[in-house]
Amino acid sequence: MKKVLLTLLAVIMTVTSCGIVFADEAEVFKNLKSAEYQKLMQNTVIVRPGSPDAFVYGKRYSMEDYAEYGETRKDGDKIYVPGGFINDVFPESAAAEGECELYKFSADNGLNIKEVNGNIYIAKNTYEIPDSISGYITKFFGIYVKPGAKGVGIYESPCASLETAKSVVSEIKKSVGLPDGGINIVLRAGTYIINSTVFFAETDSGLDGAPITYRAYKDERVCFDGGISVKGSEFLPVTDTQVKSKLPNPERVVGIDLSNKLSGFSDGFKGEDPANWSVIYKDAKLECARWPNSGFALTGEVLKRSKGRGDTFEFVVGDTRVKNWAKEDDPRMFGYFAFTWASERRLIAKVNTELLSITSNDHAEYGISADKQYYVYNMLCEMDNPGEVYFDKKNSMLYIYPVEGDPKSSEFLNNDVQFSLLSGDMFSLAGTQNVIFKGITFENSLGLAMKISDTCKNIQIRGCTFRNIKNAIEMEGFKHLVSGCDFYNITGRVLWTNCGDRYTLTPSETVITNNRFWNFNTVSRTN
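Cut-offs and rules
Residues numbered from 1 in each chain as written. Predicted model: local features only at pLDDT ≥ 70, side-chain atom pairs only at ≥ 80, totals over all residues. Heavy atoms only, no water. Pairing = 2+ DSSP bridges. Helix = DSSP H or I, 4+ residues; strand = E, 2+ residues; numbered from the N terminus. Axes fitted to C-alpha atoms, helices over the stretch in contact; angles between N-to-C directions. Contact = heavy atoms within 4.5 Å. Patch = residues over 30% accessible without salt bridge, like charges linked within 9 Å, V, L, I, M, F, W, Y side chains within 5 Å. Areas by Shrake-Rupley, 256 points an atom, 1.4 Å probe, with all protein chains shown as cover. Salt bridge = Lys/Arg side-chain N within 4 Å of Asp/Glu carboxyl O. Buried < 20%, exposed > 50% of the residue type's maximum accessible area, 1.4 Å probe, protein only. 1 Å grid on protein atoms, 1.4 Å probe; cavity = no way out; pocket = protein on both sides within 12 Å on 5 of 7 lines; lining within 4 Å. Points joined across faces, edges and corners; volume = space filled by probe spheres on them. Nonpolar A, V, L, I, M, F, W, Y, C, P; charged D, E, K, R; others polar. Expected span 1.5 Å × (residues − 1). Phe/Tyr/Trp six-rings, centres within 6.5 Å; stacked < 30°, edge-to-face > 60°.

Visitor: What is the right way to read the sheet that holds strand S39 (residues 481-483) from this model?
Guide: The pairing of strands in a sheet comes from backbone hydrogen bonds and takes either a parallel or an antiparallel form. Within the open sheet, the 7 strands sit side by side as S11-S12-S15-S35-S37-S39-S42. Their pairing is parallel. The open sheet has two free edges, formed respectively by strand S11 (143-145) and strand S42 (511-513), since each of these has just one partner strand. Along the sheet, successive strands turn relative to each other by an average axial angle of 10°, direction set aside. Both strand S15 (residues 212-216) and strand S35 (residues 433-438) contribute to a ladder of 4 bridges, which runs parallel. Its bridge partner lying in S35, Arg 215 is registered against Lys 438. Seen against the sheet, helix H6 (residues 162-175) touches S11, strand S12 (183-187) and S15 and runs at an angle of roughly 170° to S11.

Visitor: Looking at this structure, how should I read a nonpolar patch on the surface?
Guide: A cluster of nonpolar side chains, Phe 339, Trp 341 and Tyr 366, forms an exposed patch at the surface whose accessible area comes to about 360 Å². Phe 339 sits in the partly exposed class, given a relative accessible area of 38%.

Visitor: Can you walk me through the pairing of strand S40 (residues 486-490) in this structure?
Guide: One face of the sheet, then the other: side chains in a regular strand alternate in exactly this way. Across the 5 residues that make up S40, a large majority, 5, are buried. For strand S38 (residues 465-477) and S40, the ladder comprises 4 bridges, and the chain directions are parallel. Across the sheet, Arg 467 pairs through a bridge with Tyr 488, a residue of S40. With 4 bridges connecting them, S40 and strand S43 (residues 516-520) associate as parallel partners. Pairing of Asp 486 across the sheet is with Arg 516, part of S43.

Visitor: So what exactly am I meant to see when it comes to empty space enclosed by the protein here?
Guide: Throughout the structure, instances matching the rule amount to 2 cavities of 30 Å³ or more. Reported here for the largest cavity is a volume of approximately 50 Å³. Residue lining of the largest cavity: Pro 274, Trp 277, Val 279, Leu 286, Cys 288, Asn 378, Val 389, Tyr 390, Phe 391, Leu 398 and Phe 419, and that is the complete set. No other element matches strand S31 (residues 388-392), which puts 3 residues into the lining of the largest cavity. Residue classes in the lining of the largest cavity are distributed as 10 nonpolar, 1 polar and no charged. Roughly 40 Å³ of internal volume is contained in the second largest cavity. In terms of lining residues, the second largest cavity is bounded by Lys 166, Val 169, Ser 170, Ile 185, Thr 203, Asp 204, Ile 212 and Tyr 214. Looking at the lining of the second largest cavity, the elements that each hand over two or more residues are H6 and S15. Per-element tally for the lining of the second largest cavity: the top contributor is H6, with 3 residues.

Visitor: In this structure, what is going on with H6? I would like to understand it.
Guide: Residues that lie three or four places apart on an α-helix share one face, since the helix turns once every 3.6 residues. An ideal rise of 1.5 Å per residue puts 20 Å on 14 residues; H6 measures up with 20 Å between its terminal C-alpha atoms. Buried residues of H6: Leu 162, Ala 165, Lys 166, Val 168, Val 169, Ile 172 and Ser 175, and no others. In the segment just after H6, Gly 177 is the residue with positive phi, at about 85°.

Visitor: Teacher, can you tell me more about the packing of aromatic side chains here?
Guide: Two aromatic rings, taken as a pair, are described by how far apart their centres are and by the angle between their planes. Taken as a whole, this structure holds 40 aromatic pairs when the rule is applied. For the pair Tyr 192 and Phe 224, a centre-to-centre distance of 5.2 Å together with 35° between the ring planes defines the contact as tilted. Within this pair, whereas Tyr 192 is found in strand S13 (residues 190-193), its partner Phe 224 is found in strand S16 (residues 222-225), the two being separated by 32 residues in sequence. The residues Tyr 192 and Phe 224 share a single accessibility class, namely buried. By the ring-pair criterion, three or more aromatic residues cluster together here, those being Tyr 192, Phe 200, Tyr 214, Phe 224, Phe 427, Phe 437, Phe 442, Phe 466, Phe 487 and Phe 517.

As structure tokens, this is what we get:
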């Protein structure tokens, strides 16, 4: 790479007897996009400790390709970068191996080096770097976010939320514009609770060649979570006499009052079919209390066939346990009442304890016959198997029969139980372009993880994980990419696309490649 000599900063500075000073902030902003600002970027090599990025004469350069030494690091008063990076950027200088200490390298090769706001500037000539400009350049190395943080969004002082990071990007776009390669919003490890939809608008867009990238820091685990998490040790023995009377093994079941943990979430989740509620333990979805515990029962004699929408059907169960179902608050049924390609879920509206039959709340779409597969669920009286759960939505009580079979086991007490609550979209994009999501996990939601509207263009989802949610991605628009992602434990649809324009025959140019899918459509089985 050819070295360019440095000529720096004239227009935005005013020289006085006190030395170099700056015009007011508005004047600085006006001139940040000027030729002088561009000259600063184009005539320096800029690195920052903790970042894998560098700006080499105005162009973004990544050090991640140097596997052993993939970023700038600081050790005391010394700054180290990959030697391979130095050899590529300064080919006429002495060759460097392993890691290269920048202050020594600059001294040996007649280069000037200066640190301003944590950024390291290297150039041929001496220069002054205004704090107002260097502060913006700091953001070029990434806007850092960490749950619970209270900082300003830099590596040493992350901010707490995506909204704060998005506002910083907006400020940069208005003042200096996006740098080459765009801006990284770097997400540090942790769980980011999403209790309402995060919206991305046209104003959150990047540019061609300068995208806005939301990415996990290195290999850290970053989770956007649409629910809550509680320790097994927070569950208590069941004391409610009415609940205990329904449970087959009350001593094996524990419960927790979630009333104080639901703040911030809407009550929309209570309107969901209980089968969609994801109660996750050890990365596996627990079963809503049901009968039979596995597989299916077969419908008995059909006593009433529905005649259309709004009508009901009734069939014989033929088991005395039906008498207990009559005492349940919200019993449900699932079945293939006519064909194995058409599954249906219905409420149990009536239980006949004499005929041992159940009646639905609505019609069977394709009719109903005897000897068809079905099961019933969402009943405390059927909570008789380890790994079953029941949520009492009236009283916000969650009951669990631990997988280990013993609620006092140390395994259960020391592990987390997650419960999905968000019924809306996690991320919703409209009019947004040139945005990348990379290395992020979306989990624990009753809604849609990501909705990309038909006004979006060039949205990339790379190396992300979608799990323990109802639906993963709905995507319209043009030139999108979904690559290297994992989708699993999804009760509904994984990936729905309607990209391009069929009326004008405009191709979508959307690519979905190298993804893995398993254990999906576990509730919405045939639609």
